[in-house]
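Chain by chain, the residues run as shown.
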Amino acid sequence: MTIRLRPHHLLCMLTYVGKGYSQAFIDNYDKVIARLAGGEEILIGEGPDEICQPLLETDEPHCYNPSVIERDVQALHDVGELLGRELHIGDRLAIKLPTLQKFHEAFVAGITRTACGGCEWFELCTAVSTDGYAGVKLRIAE
C-alpha cells in the first residue's frame, strides 16, 4: 500500500503534534501518520491528498489555493535537493529512520523551509523543530 501525499506535506509530517483544522482533520492525520510509521511508502501526488481529505468537505478548502500549490513546488524542489535527486509527481519515497533524521536536521536548519513561508503553522513548526521534535507523532523504529 502507498500513501498519497502532496509535496509540502513531506515537511508538515515532520512537526505534526496532533494539532489541526478540526477534530476530523486531526483524526485522519493521526491515521496517515500511523501508516507512515508502519512503513507504508509515499506516492508524491499533485493537489489534495490523504491528509487533505477532511478539508475537502468544507465550504472553501484552501487545498486548491495558489499559495498552497506554490508550497508544493518549493517543497518538491527542496526535498529533492536534500535527497540529491530531482523529485517529480508520481515518485515514491520510503521513509526509514536515516531519511527521517536527515529531514529533521534539514528542517530545523531551515534548508527545507522555503515552502513554509506564509503558512499559518510556521511558528508551531518552528517551535516543535527547535525543541528537538518533542511530541511529534511520526516516529520510525530502527
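Every value quoted in this text rests on a predicted model; they were computed, and no experiment measured them.

Novice: Would you take a moment to explain the overall build of the chain for this structure?
Specialist: Secondary structure summary: the chain contains five helices and three strands in total. If you list the helices and strands of the chain from N to C, you get β-α-α-β-α-β-α-α. Expected size for 142 residues packed as a compact globule is a radius of gyration near 14 Å; at 14 Å, the chain falls within 12% of this value. Along the longest, intermediate and shortest principal axes, the C-alpha atoms of the chain span 40 × 35 × 30 Å. Across the 142 residues of the chain, 44% fall into the buried class. Of all intrachain contacts in the chain linking residues separated by at least 6 positions in sequence, the fraction that spans at least 24 positions is 73%. For the chain, the exposed area adds up to about 7,400 Å²; of that, 52% sits on carbon and sulfur atoms. Computed over 13 positive and 21 negative side-chain charges, the inter-centroid distance for the chain is 5 Å.

Novice: So what exactly am I meant to see when it comes to the state of the cysteines here?
Specialist: Here is the idea: a disulfide is a covalent bond, and it sits between the sulfur atoms of two cysteines. This structure, assessed with the given rule, holds zero disulfides. Summary of cysteine pairing: cysteine 116 is not part of a disulfide, and the nearest cysteine sulfur, belonging to cysteine 125, is at 6.5 Å. Using a relative accessible area of 12% as the deciding quantity, one classes cysteine 116 as buried. A disulfide-free cysteine, cysteine 125 has its sulfur positioned 6.2 Å from the sulfur of cysteine 119, the nearest such atom. With a relative accessible area of 12%, cysteine 125 lands in the buried category.

Reading guide: rules and limits
- Residues numbered from 1 in each chain as written.
- Predicted model: local features only at pLDDT ≥ 70, side-chain atom pairs only at ≥ 80, totals over all residues.
- Heavy atoms only, no water.
- Helix = DSSP H or I, 4+ residues; strand = E, 2+ residues; numbered from the N terminus.
- Rg over C-alpha atoms; globule rule 2.2 N^0.38 Å.
- Buried < 20%, exposed > 50% of the residue type's maximum accessible area, 1.4 Å probe, protein only.
- Contact = heavy atoms within 4.5 Å.
- Areas by Shrake-Rupley, 256 points an atom, 1.4 Å probe, with all protein chains shown as cover.
- Lys, Arg positive; Asp, Glu negative; His and termini not counted.
- Charge placed at Lys NZ, Arg CZ, Asp CG, Glu CD.
- Disulfide = S-S within 2.5 Å.

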